[in-house]
Amino acid sequence: MTVTVRYTCPHCGAVVGVERRPDLADRSVTISPQAGWEYADPGDERLEDADGIAFVCGEDGVTDLEGEPVEGCGRPFYLNFVRFETGIELEPDPPTYGGPRFDFRP
């Protein structure tokens with residue numbers, strides 16, 4: 001069973017939908033990918049094997065919040081799933097979700 005889930009582009013506010021299993025847990029939508037995470041394309045058959053989905057705003061048809069078609073901005077953004085390792089939830093490294101970094105690592 002799949003459901004259509006909609007995400008808003010953080011750059012321009014356009015809305016994109018993707019068919020996926022309803023049990024995948026979303027963590028965040030970011031403007032940059034998380035280091036070391038593997039992203040699937042929205043049309044990939046096995047999204048659950050990836051750490052998230054890489055979107056390009058406007059590639060697969062986008063709408064405004066009211067459902068009217070718009071072009072999109074053409075910039076990438078990323079849906080990050082909740083990840084687990086040996087039953088423990090993993091945080092992105094660094095856990096900034098696109099915000100400022102304070103760990104001073106390159």
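Scroll up to find the structure this text is about.
Residues numbered from 1 in each chain as written. Predicted model: local features only at pLDDT ≥ 70, side-chain atom pairs only at ≥ 80, totals over all residues. Heavy atoms only, no water.

Novice: Would you mind going over the nonpolar core in detail, with residue names and values included?
Specialist: With 17 residues, the main nonpolar core has Tyr7, Ile53, Phe55 and Phe77 as its most contacted residues. Residue assignment for this core shows that the elements contributing at least two residues are β1 (3-8), β2 (15-20), β5 (52-56) and β8 (76-81). Sorting elements by how many residues they give to this core places β8 first, with three residues. Dropping the residues within four chain positions of it, tyrosine 7 is found in contact with Ala14, Val15, Val16, Val18, Arg20, Asp26, Val29, Phe55, Phe77 and Leu79. (Core = buried A, V, L, I, M, F, W, Y, C linked by side-chain atoms within 4.5 Å. Buried < 20%, exposed > 50% of the residue type's maximum accessible area, 1.4 Å probe, protein only. Helix = DSSP H or I, 4+ residues; strand = E, 2+ residues; numbered from the N terminus. Contact = heavy atoms within 4.5 Å.)

Novice: I'd like to hear about the sheet that holds β5, residue by residue, with values.
Specialist: Taken together, four strands build an open sheet; the order of strands is β3-β8-β5-β4 and the sheet is mixed. The outermost strands of the open sheet, each flanked by one partner alone, are β3 (26-30) and β4 (39-40). With four bridges joining them, β3 and β8 adopt antiparallel strand pairing. Looking across to β8, one finds that aspartate 26 is bridged to phenylalanine 81. (Pairing = 2+ DSSP bridges.)

Novice: Outline a negative patch on the surface, listing residues and values.
Specialist: On the surface, a cluster of negative charge is contributed by Asp41, Asp44, Glu45, Glu59 and Asp60. Mapping aspartate 44 onto the fold places it in the loop between β4 and β5. (Patch = residues over 30% accessible without salt bridge, like charges linked within 9 Å, V, L, I, M, F, W, Y side chains within 5 Å. Areas by Shrake-Rupley, 256 points an atom, 1.4 Å probe, with all protein chains shown as cover. Salt bridge = Lys/Arg side-chain N within 4 Å of Asp/Glu carboxyl O. Lys, Arg positive; Asp, Glu negative; His and termini not counted. Charge placed at Lys NZ, Arg CZ, Asp CG, Glu CD.)

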